[in-house]
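# Close look at the chain arrangement
Now for the letters of each chain:
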Amino acid sequence: MLPYYYSYNEYMTERFGEKVYKLSLDAGLTCPNRDGTKGTGGCIFCSAGGSGDFSERHIDDISLQIERAKKQVGKKYSGDKFVAYFQSYTNTYGDIDYLCKIFSDAINNENIVALSIGTRPDCLGKDVIELLGELNKIKPVFVELGLQTVHAETAKLINRCYELSDYDEAVRKLKEIGVNVVVHVILGLPHETEDMMLGTVDYAVKSGADGIKLHLLHVLKGTALEKMYLDGGFDVLTEDEYIALVIKCLKHIPKNVVVHRVTGDAPKKLLVAPLWSADKKEVLNRLNREIRKK
Ligand code: SF4
């Protein structure tokens, strides 16, 4: 069966009447898995940029960051509707007044149609949930949770430092306030079988998430994962394996769940493996060709 999927572009165009572009912003925050609160060193795949190596360089003023980012994307996008995307590190891990200020600055910008906030499930305290609920009354809020895997042994190996029950609880709280929940899954984590990865996708879609991002595991310079890889601790996926796997995953995702991504971006200067993934356009073209063949 052809694995139809409801793409993010399709969903956003339907919702906002035209293509909408994401502006990556930097809230200047850190992560409890780096500062010792939950763990140290971070998740083993996470680069020094906190999984947001394409974000705007941190400057305090969010409005200024938005203007700079708009100029950047202006070369390839002529519309005027944008999503403010807080991507790097853990964007609900900070003083509540500060979070309120940066998110309000973004959501009140006339060109911003929605907020997208990347965070950890264990960083959604009562005050944060209340704030997100209020923001969601102004414009749509998407909260992106880095689940990566549902398998405890892999979660331990990648040093995720939160439990699956934290994820379940986060989804429950976010759904209660009506925000859009997007779950991140990584394909190709060390020692995971195809069944394990499909099990994670199944869990994610059944958890109540509204959207899903499928990422290829990238080995980046300077990470603990790089050391493990260079020591021969695991193999990365080949392009053929990845394409076949994504197609299987898409067959497990119901049509009401929006597929925000079918692969990730890795900064070329940091990418150690798999090098075939550097040509993202070609990977996407190949994936689409393979889907049409099915
Ligand atoms: S929780 Fe996110 S920002 Fe923190 S170490 Fe893991 S991937 Fe990086």
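Not measured: the values here are computed from a predicted model. (Residues numbered from 1 in each chain as written. Predicted model: local features only at pLDDT ≥ 70, side-chain atom pairs only at ≥ 80, totals over all residues.)

Right, let's get into the environment of Asp61. As for its position among the elements, Asp61 is in the loop between β2 (21–25) and α2 (62–73). Once the C-alpha coordinates of Asp61 and Met228 are considered, the two residues, 167 residues apart in sequence, prove to be 39 Å apart. (Helix = DSSP H or I, 4+ residues; strand = E, 2+ residues; numbered from the N terminus.)

A cis amide bond links Ala273 to the next residue, Pro274, at an omega of -10°. Residue placement: Pro274 occurs in the loop between β10 (271–273) and α10 (280–293). A positive phi angle is found at Gln148, which is not glycine, with a value near 70°. Note on placement: Gln148 falls in strand β5 (residues 141–148). Overall, the presence of 22 C-beta atoms within 10 Å leaves Gln148 in the buried class. Unlike most non-glycine residues, Asn159 shows phi in positive territory, near 60°. Classification of Asn159 as partly exposed rests on a count of 18 C-beta atoms within 10 Å. (Buried ≥ 20, exposed ≤ 12 C-beta atoms within 10 Å, placed from the backbone.)

Turning our attention to the packing of helix α7 (residues 194–206) against helix α9 (residues 239–251). One way to put it is that α7 packs onto α9 with a least axis distance of 10 Å and a crossing angle of 40°. Here the hand of the crossing between α7 and α9 comes out right-handed. Along its contact with α7, which presents Glu194, Met197, Leu198 and Val201, the element α9 presents Leu245, Lys248 and Cys249. Taken together, the residues that form the contact of α7 with α9 break down as five nonpolar, no polar and two charged. (Axes fitted to C-alpha atoms, helices over the stretch in contact; angles between N-to-C directions. Left-handed = near helix turned anticlockwise from the far one by under 90°. Contact = placed C-beta atoms within 7 Å. Nonpolar A, V, L, I, M, F, W, Y, C, P; charged D, E, K, R; others polar.)

Attention now moves to the nonpolar core. Among the nonpolar cores identified, the biggest contains 83 residues, and Leu25, Ala84, Ala106, Leu115 and Ile212 are the most heavily contacted of them. The element best represented in this core is strand β6 (residues 180–187), accounting for six residues. Other than its neighbours up to four places away in sequence, Ala84 contacts Leu23, Leu25, Ile66, Ala106, Ile112 and Leu115. (Core = buried A, V, L, I, M, F, W, Y, C linked by C-beta atoms within 7 Å.)

Here strand β3 (residues 82–86) lies mainly inside the structure; five of its five residues are buried. A two-sided burial pattern is seen for β3, the buried positions comprising Phe82, Ala84 and Phe86 on one face and Val83 and Tyr85 on the other. Across five bridges, the pairing between β2 and β3 is parallel. Considered in β3, the bridge of Lys22 is made with Val83. Of the pairings in the sheet, the one linking β3 to strand β4 (residues 112–119) comprises five bridges and is parallel in character. Within the sheet, the bridge partner assigned to Ala84 lies in β4 and is Leu115. (Pairing = 2+ DSSP bridges.)

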